[in-house]
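One-letter residues, chain by chain:
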Amino acid sequence: MENSIKREMPADVLEKLNLKPFESVEIGHPDVQRVAPKVHVTAGENKVVDSIEDVVKATLKDGMTISFHHHFRNGDYAFNKVMDVIIKLGYKDLTLAPSSLTGVMNDKVIEAIKKGVITNITSSGMRGSLGDFVSHGGLKNPVIFRSHGNRARSIEDGEIKIDVAFLGVPVSDPAGNANGQDGKAVFGSLGYALMDAQYADKVVLLTDNVVPYPNTPASIKQTQVDYVVKVDEIGDPDKIGSGATRFTKDPKELMIAQMVNDVIVNSPYFKQGFSFQTGSGGAALAVTKYLRESMLDKGITASFALGGITKPTCDLLEEGLVKKVMDVQDFDKGAAASMAKNRDQQEIDASWYADPHNKGAVVNNLDVAILSALQIDTNFHVNVMTGSDGVIRGAIGGHQDAANAKMTIITAPLVRGRNATVVKNVETVVTPGDSIDVVVTERGVAVNPKRQDLIDCFKKVPSIHLVTMDELQELAEKQVGTPKKLEYTDRTVAVIEYRDGTVIDTIKEVKD
């Protein structure tokens, strides 16, 4: 069985998981029935409990689905504290459904899998030792990888049913009014956790900072929370993010960033009130710098910036070059601190951000998205999930979601080390080529042939060197050679969903 982009689909896996093959990037206008959580009515009881063990015993049973958020990133303490207790108490056959998995969680997840505590995972991504473990067949059932918008859709449509959400927060009052803007381990927006708080049957907050009632602003509200657990430390703020993400000095990244800026400025979308989303990598941050200069030069301001937010984006807000920042996650301390003081930096949940099955997500209003890639192929398909060795080492994140923009730009060097970035066929399709408009490398700019309007625009610009994807692929192959074909077993270790819940690709177990 093949889907519409000719990726082979294992029929038995799709049937077992009740999934359908990917057909199109067009979402259409379906009528969707939302679900609601089961609520245990609380009237005046104290929600503060003495220990994680007490709350786990009160809420969890074998076979349930548990969730966490990843806003603390590698500064997260909540996940391992909870999992230690769950493993010690001997729970079995749990489904782990976090917004994403970060490196600090890897060892504990592997331990839980080996002991039969976790048998299913759905996440945005995974890296490091856990990605390697799963890629070599370590998990009983295939992982389901979903974008941030698709996770929101799956929760709201009832495909992910969260029994207990364990949500670490920097501050809460005894009733459960919490935010990410105050306390010691501040991380800013709680965008991804807001879905869990709204739809989980049981919501448990963990915090090292219980303040008097009522705590405001309240991103998570007492109407959603069942228990509050006071812990010694909830996270390490120095590992959440350190100041503004460093501006790159790499000449190749700076060259790519300048070329991306030329593409944006000479496109039909660079006009008063345009909107954009950038990533947090070196080239993306450099684009923000160059874009700032172009906006000042042309007297243009943006209506909004979207996505995971960094301090350079918040600086544009402070200068008045961006009118609003729509913030689902903060990538550094500067962005988190900005949210606490700037009312025009709007916290949004993952549904508002990118759910394709609601009454209008913010990504639908994006003019320009600048995204990265591990691989891009000659059909413009993008891989952000597996490395050149076939091992899981990335995350969908908001990649598929932001690619809904009117002009989606992929930035990447032609090669990384001895591995080609532009290839004939990517190892794993995450974002389909129909969503990609422009690819920018240090060796030139390739425009999707479906976008003849952009090709006509850029032909007139001397600073934009137009090439084809075939030419870029040949240049890359000439530089690093043809890699040996990877070997996989027949076993499926992961399923990649498109943002509408259809299957765009699968990942096979890597042969030892």
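This section reports on the structure supplied with the text. These numbers were taken from a predicted model, which means no experiment stands behind them.

The rules behind the values
Residues numbered from 1 in each chain as written. Predicted model: local features only at pLDDT ≥ 70, side-chain atom pairs only at ≥ 80, totals over all residues. Heavy atoms only, no water. Helix = DSSP H or I, 4+ residues; strand = E, 2+ residues; numbered from the N terminus. Rg over C-alpha atoms; globule rule 2.2 N^0.38 Å. Buried < 20%, exposed > 50% of the residue type's maximum accessible area, 1.4 Å probe, protein only. Contact = heavy atoms within 4.5 Å. Areas by Shrake-Rupley, 256 points an atom, 1.4 Å probe, with all protein chains shown as cover. Lys, Arg positive; Asp, Glu negative; His and termini not counted. Charge placed at Lys NZ, Arg CZ, Asp CG, Glu CD. Salt bridge = Lys/Arg side-chain N within 4 Å of Asp/Glu carboxyl O.

Now for the overall build of the protein. The secondary structure content of the protein amounts to 16 helices and 28 strands. Over its C-alpha trace the protein gives a radius of gyration of 22 Å, about what one expects of a compact globule, namely 24 Å for 512 residues. Each principal axis of the C-alpha atoms in the protein carries an extent, and together these give about 70 × 55 × 45 Å. Considering the protein as a whole, with its 512 residues, one finds that 60% of them fall into the buried category. When contacts within the protein are restricted to residue pairs at least 6 apart in sequence, those whose partners lie at least 24 apart make up 73%. Within the structure as shown, the protein displays about 20600 Å² of accessible surface, and the carbon and sulfur contribution to it stands at 48%. The protein carries 58 positive and 68 negative side-chain charges, and their two centres are separated by 2 Å.

Another aspect to go through is the pattern of salt bridges. One pass over the structure, following the stated rule, counts 26 salt bridges. Residue D238 pairs with K333 through a salt bridge whose shortest N-O separation is 3.0 Å. Taken together, the residues D238 in helix α8 (residues 237-240) and K333 in helix α12 (residues 333-341) connect sequence positions 95 residues apart. Overall, the relative accessible area of 53% leaves D238 in the exposed class. Sharing partners across several salt bridges, the network here consists of R34, R153, E156, D157, E159 and D355.

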